[in-house]
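The primary structure of each chain is shown beneath.
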Amino acid sequence: MKFQLEDLTVYFPYEKMYPEQYSYMVELKHALDAKGHCLLEMPTGTGKTVTLLSLITSYQLQHPEVGKLVYCTRTVPEM
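All of these numbers come straight from a predicted model, not from anything done at the bench.

A. Local environment of the side chain of Thr51. Locating Thr51 in the fold gives a position in helix α2 (residues 48-62). Residue Thr51 is classed as buried on the basis of its relative accessible area of 0%.

Shown next, in the form of structure tokens:
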């Protein structure tokens, strides 16, 4: 699926999206636009990884000047 999120074209690999995923993308995009940090939390099974990676790769396609974006994650066994 391809859709507009404000001024950004986002490429999402599935035909449907949870409302929470869209909200997650909006908050992440605002953090990227502000050149700030972002800490987002969603329950297990809500599609955090695919949401994050589709927004970040779409953002980098449109804004190559941002350079590297770092994605860190931690799972329960690592705690």
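B. Examining the environment of Met17 more closely. Looking at where Met17 falls in the secondary structure, it is placed in the loop between β2 (8-11) and α1 (19-33). For the pair Met17 and Thr51, spaced 34 residues apart in sequence, the C-alpha separation works out to 8.9 Å. If we ignore the near neighbours within four places in the chain, the residues touching Met17 are Met1, Phe3, Phe12, Tyr22 and Met25.

C. Spatial organisation of the pairing of β2. Going residue by residue along β2, you find Leu8 and Val10 tucked away on one face and Thr9 and Tyr11 left uncovered on the opposite face. Bridge count between strand β1 (residues 2-5) and β2: four bridges; the pairing is antiparallel. Bridging from a neighbouring strand, Gln4 pairs with Thr9 of β2. Hairpin geometry of β1 and β2 is characterised by an intervening segment of two residues between the two adjacent antiparallel strands and by a positive phi of about 60° at Glu6.

D. Inspection of the nonpolar core at higher detail. If you look at the biggest cluster of nonpolar residues, it comprises 15 residues, and the most contacted ones within it are Phe3, Leu5, Val10, Met25, Leu28 and Leu55. Of all the elements, α1 adds the most residues to this core, at five residues. Each residue touching Met25, except ones within four places of it in the same chain, is listed here: Phe3, Leu5, Val10, Phe12, Met17, Thr51, Ser54 and Leu55.

E. Looking closely at α2. With 15 residues, α2 should cover 21 Å at 1.5 Å per step; its first-to-last C-alpha distance of 21 Å lies within 8% of that length. Among the residues making up α2, those that are buried are Thr51, Leu52, Ser54, Leu55, Ile56, Ser58 and Tyr59. The secondary structure elements touched by the buried residues of α2 are β1, β2 and α1.

F. Spatial organisation of the pattern of salt bridges. Overall, the coordinates contain three salt bridges when judged by the stated rule. A salt bridge links Lys29 to Glu6; its shortest N-O distance comes to 3.3 Å. Here Lys29, found in helix α1, pairs with Glu6, found in the loop between β1 and β2; they are 23 residues apart in sequence, far enough to count as distant. What makes Lys29 buried here is its relative accessible area of 2%. A salt bridge links Lys29 to Asp33, with the nearest nitrogen and oxygen atoms 2.5 Å apart. On the criterion of helical spacing, the pair formed by Lys29 and Asp33 is a turn pair, its members being four residues apart in helix α1. Connected via shared salt-bridge partners are Glu6, Asp7, Lys29 and Asp33.

About the thresholds
Residues numbered from 1 in each chain as written. Predicted model: local features only at pLDDT ≥ 70, side-chain atom pairs only at ≥ 80, totals over all residues. Heavy atoms only, no water. Helix = DSSP H or I, 4+ residues; strand = E, 2+ residues; numbered from the N terminus. Buried < 20%, exposed > 50% of the residue type's maximum accessible area, 1.4 Å probe, protein only. Contact = heavy atoms within 4.5 Å. Pairing = 2+ DSSP bridges. Core = buried A, V, L, I, M, F, W, Y, C linked by side-chain atoms within 4.5 Å. Expected span 1.5 Å × (residues − 1). Salt bridge = Lys/Arg side-chain N within 4 Å of Asp/Glu carboxyl O.

This is a description of form; function is not addressed.
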